[in-house]
Structure formats: C-alpha cells, structure tokens
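Results of the structural survey
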2 protein chains.
Amino acid sequence: MKHKIYIVGMGPGAEEMMTAQAYRILKESDTIIGYQVYLELLGEEFKEKELLSTPMRQEIERCRMCFEKAREGKKVAFICSGDAGVYGMASLMYELKDKYEDCELEVIPGITAANSGAACLGAPINHDFCVISLSDLLTPWETIEKRLRAAAMGDFAIVLYNPSSKKRADYLMRACDILLETVEETRACGYVENIGREGTKTKTCNLGELREQTVNMFTTVFIGNSQSFITEGKLVTKRGYDICNRKE
Amino acid sequence: MKHKIYIVGMGPGAEEMMTAQAYRILKESDTIIGYQVYLELLGEEFKEKELLSTPMRQEIERCRMCFEKAREGKKVAFICSGDAGVYGMASLMYELKDKYEDCELEVIPGITAANSGAACLGAPINHDFCVISLSDLLTPWETIEKRLRAAAMGDFAIVLYNPSSKKRADYLMRACDILLETVEETRACGYVENIGREGTKTKTCNLGELREQTVNMFTTVFIGNSQSFITEGKLVTKRGYDICNRKE
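Everything in this summary refers to the structure shown in the same document. Since the model is a prediction, treat every value here as computed from it, not as a measurement. (Residues numbered from 1 in each chain as written. Chains lettered and ligands numbered in written order. Predicted model: local features only at pLDDT ≥ 70, side-chain atom pairs only at ≥ 80, totals over all residues. Heavy atoms only, no water.)

**As for the pattern of salt bridges**
One pass over the full model with this rule turns up 34 salt bridges over all chains. Of the charged contacts in the structure, one is a salt bridge between Arg147(B) and Asp128(A), with a shortest N-O distance of 2.8 Å. With Arg147(B) in helix α6 (residues 141–153) and Asp128(A) in the loop between β6 (122–123) and β7 (129–133), this residue pair bridges two chains. In this structure, Arg147(B) and Asp128(A) share a single accessibility class: buried. Of the charged contacts, one joins Asp177(B) and Arg211(B) as a salt bridge, the two residues approaching to 2.4 Å between their closest N and O atoms. Of this pair, Asp177(B) sits in helix α7 (residues 171–180) while Arg211(B) sits in the loop between α8 (207–210) and β11 (219–223), and the two are 34 residues apart along the sequence. (Salt bridge = Lys/Arg side-chain N within 4 Å of Asp/Glu carboxyl O. Helix = DSSP H or I, 4+ residues; strand = E, 2+ residues; numbered from the N terminus. Buried < 20%, exposed > 50% of the residue type's maximum accessible area, 1.4 Å probe, protein only.)

In structure tokens, the structure reads:
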C-alpha cells in the first residue's frame, strides 16, 4: 500500500470557511506541513500535532518534507491557503512525485480567493472569468501582459491575485494600463482585503480609479466585464437573464 | 433592520464538501429555496424545514420567492450547487434587489466545479486560468467563441462548464475546433464526471482526442496550458518552479 499524502486547501483563513472534508483530514493527520503563516491560522485543536515548515521560497524542500514524513509512516496533510490547486503546492507535488513512487497524492479542494473575495464583493464573477497572478517570481512579466491583453479581448471578468508587494508596488498600475488599452476607464471594478480574516474590507471603483489605488499583498482585485455594474457598494456581473421582461 | 437572505454555495454535492459556514447557515434557516435537484442533495437533517422550488428556467420566480419569504419573517437560505457566485443565482438576486429595499443579501461561497474537478484530476489549474460556460442559453454563441479564442491566445489553462446537453450535443467538438485553430492537438486535457457525487470518473486525453469524446451535462472539462502534462492519469499544470536545479 502506498503512503498517502493529502494536499489540503484550507480556504481563506477562518476555520468555518474550510470544508468539513478538509477539517476531517487535518484532524486525522499526524503531521501538518505548510508555510508558517498558514500553520498559525490553525485552531488550538491542531497544536498538539507535529507541525512543520520551511522558510519562504523553500517550497521544493517543503514538498520533499511531505514525502519523507509519509515514508516514515506518518499521516501527512500539506496545507495551502485558499485552494491547494490554485497557485498552491498541488502541481509541484505532482512534479516531484516521480522520485517517490511509493507515495500517492490526493488534493482536497478549498475556497480560493476568487470565490471568497467574490462573495464579499457581491457577484463579480457570475459569468465567464479569468484568474491571473501579477507575481512575476515564477512567471515572466511578458506572459502576464499577454494574459491581461487576452482577458480584456475576451471580455472576461478578471480576478487578479498577488496584485502588489513591496518590490512590485506599481504592478497593479501597470496591469490597469494594459487593460486600459482596450477597456474603458469607467469599467466597474472592486477589491477585497483580508478575506476571511480580521479586518475584511471591500471597495468598489472604476478601472481608472483602480489604477491609482495602493493595495497590499493581502488584496484580491476584481475587474468586471462589459456587463458588470456597481450597486450599493457591490460589484455584480450579469448572468444574462432578461429581467426587463420579467412579470411584475 | 433589513430582512437578510443568504445565497449559499453548497459545493459539488457531498455534504462533506460544504464549508462549515454554509452548513451552519442552512441549519439556522427556516426556509431553503433552490432548484429541486439541489434540494434533494440535502441531508435528512434538513427535510423538516420549509423546502421550496420553482421549475427549471423559472429562476426569476425562484429569486422573487426568496425575497417574499424573507419579508414574511423567515430566515431564508437560497442554495446553488458549487459556488453561488459562479454561474449561480447571486448576480440575479442583486439585479432584482432594487424592488426589495427592505432586504439584504449575503453570499456564502462554496467549492465550484473548477476547483473540485481540478482536485480530482490532479492540478490542472495551478497557474492562471479561465472558466468558460459552453451554454448558449443566456450567452450568444459568438461571445463564447470569442472567449475561447482569447483564452487560447492567452495560453490560459481552461475550464469548460456545461460542455454538453441533449440539444447541444456537438458543442464540445465545436469548442475544441476553435481551440485547435491555435493550440496543438497534443495539448494535455482531461475531464471529470459527477464531481463529489456517486460515480465520479476522471479521464485524461489530448485535445485532438477530447474533440471526439461524448460527455454528459454532469461533466467539467479541463484544457491544459502549454506547460501542462499528464502523469499517471493526472493532469498537471506547472507553477514554474525550477525543479531541474533542485538539490537531490
């Protein structure tokens, strides 16, 4: 029998926003491995388990630690914030798995910021949408630019992850400038800070205004499509129902 | 105080894949409203509540029922499968809300098929991705075509919702043909049937083979980006880590 490793999406942070399945897997595990910040989000009931981490940027070592602990016979859960399969560790685990043929992987999905942030803002991705990360740590900026242009051309609602960091203070502005090549300044937009954690804050604005905003790294940004609108502080993307002809 | 209505994403079907928050909201509600099929997915513990529905295609009436029940003083939960904000009822509720100023809406996010299906298949959307519905019930086919072309041009991983129905038996083939204008036939793809329900089935294939598949309406389709690969029946999209230079 193979050593099974669960790669678990813990959602935005609040324990209540984890699925029951994710919670059960964590409860059943001996060892929980993850980035230190995520381990700290876990409730008291997990503090007596073996909790292991590696520093930021040492993701490959963190993955290897999972395989090695599983080989020791431990029930291993590898936690990621949001969904483990959206900019999380799921794919890297599969990439590394060829060296660990005695191990088996299972991904447990979680609520990613596109969905949890959308819920805070109203309904910004209620039609076709794109998710794009502005981090160029692992992706060439040219690829990010190409995707922004394609997303605008396709009239997708757009979700931007990692819109800013200390070293990338002007990235959101650069992204907005690319979108503004084809999208009007008045396009409905919004963003959410600290989703599912203390101090959740939402703001709606238009694309021209979004360009001028200073957002932090705990922010998820939403750009509406041509059918989006703002109402009472909510950003809403129409599904296409003909509500004008509704019976009253 | 306004009458609050919760619009709840119940995830793919299995109760364990609901968030604890969604479960609590349903438990606390007096009245649960939703499409009949979704009401039937609810566990026994909800059967004594007031469960209400309207037939298929009568979504506007279903929304109005939520507002009216809330005005009667009932605690109303409006359930959608997956995430209520992804092709769900959240935006329509916000569109209709102007006639019900005494009501207030809150969206409770759930796991949508892009994430739950991805978990079954491995890690197909582990980088920038697009979600596109092939249903032309509410969206002109020309818009869908435009978005498929844009998604291919942007080298996004792509998730297709509603890839088929009785009336739209050839839509997946038509979508593949559009992608094949620019994407190679050998592009790694996969699909999942009955996510989070009995009879979950995954299959990996390439884009040329996907074109020939017959899929049903309970299927979610994944098309990899240029960095995707298939390994041991799993579809994986690389995040961009340099694993060749990893220390061994």
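**Here we look at the nonpolar core**
Judged by nonpolar contacts, the single largest core of 54 residues is most densely connected at Leu160(A), Leu210(A), Leu160(B) and Leu210(B). Discounting residues that sit within four places of it in the chain, Leu210(B) has contacts with Leu172(B), Cys176(B), Cys189(B), Tyr191(B), Cys205(B), Val221(B) and Ile223(B). (Core = buried A, V, L, I, M, F, W, Y, C linked by side-chain atoms within 4.5 Å. Contact = heavy atoms within 4.5 Å.)

**Details of the sheet that holds strand β13 (residues 234–237) of chain A**
Strand pairing in a sheet relies on backbone hydrogen bonds. The paired strands run either parallel or antiparallel. Residue and element names in this part refer to chain A. Strand order in this open sheet of 3 strands is β6-β13-β12, and the pairing throughout is mixed. The open sheet has two free edges, formed respectively by β6 and β12 (228–231), since each of these has just one partner strand. In the sheet, β6 pairs with β13 via 2 bridges, with the strands oriented parallel. Looking across to β13, one finds that Gly122 is bridged to Leu235. (Pairing = 2+ DSSP bridges.)

**What about the interface of chain A and chain B?**
Tallying the contact residues gives 71 residues for chain A and 71 residues for chain B. In total, about 6700 Å² of surface goes out of reach between chain A and chain B, with carbon and sulfur atoms giving 56% of it. There are 36 residue pairs in polar contact (both at pLDDT 80 or more) connecting chain A and chain B. Elements with a minimum of two residues in the side of chain A that touches chain B: α1 (20–28), α3 (59–71), α4 (90–96), α5 (113–121), β6, β7, α6 (141–153) and β13 of chain A. Counting residues per element, the side of chain A that touches chain B draws most heavily on α4(A), at 6 residues. A class-by-class count of the residues in the side of chain A that touches chain B yields 31 nonpolar, 18 polar and 22 charged. When β7(A) meets strand β7 (residues 129–133) of chain B, the two strands line up antiparallel, connected through 3 bridges. (Buried area = accessible area lost by both parts, 1.4 Å probe. Polar contact = N/O pair within 3.5 Å; in protein donor to acceptor, adjacent residues only side chain to side chain. Nonpolar A, V, L, I, M, F, W, Y, C, P; charged D, E, K, R; others polar.)

**Some details on the relation of the copies chain A and chain B**
Rotating chain A by 180° about the axis while translating it 0.0 Å along that axis superimposes it on chain B, leaving an RMSD of 0.0 Å. Viewed as a symmetry operation, the transformation between the two copies matches a two-fold axis. (Least-squares fit on C-alpha atoms with pLDDT ≥ 70 in both.)

**Some words on the side chain of Asn225(B)**
With respect to the helices and strands, Asn225(B) occurs in the loop between β11 and β12 (228–231). Here Gln227(B) takes part through its backbone nitrogen, which lies 2.7 Å from a polar atom of the side chain of Asn225(B).

**Digging into the sheet that holds strand β6 (residues 122–123) of chain B**
The strand order across the open sheet built from 3 strands is β6-β13-β12 (chain B), with neighbouring strands paired in mixed fashion. In this open sheet, the two strands that pair with only one neighbour each are β6 and β12 of chain B.

**Describing the environment of Tyr6(B)**
The topology assignment puts Tyr6(B) in strand β1 (residues 3–9). Apart from the residues lying within four places of it in its own chain, the contact partners of Tyr6(B) are Ile25(B), Val76(B), Ala77(B), Phe78(B), Glu106(B) and Ile108(B).

On their own, these measurements won't tell you what the molecule is for.
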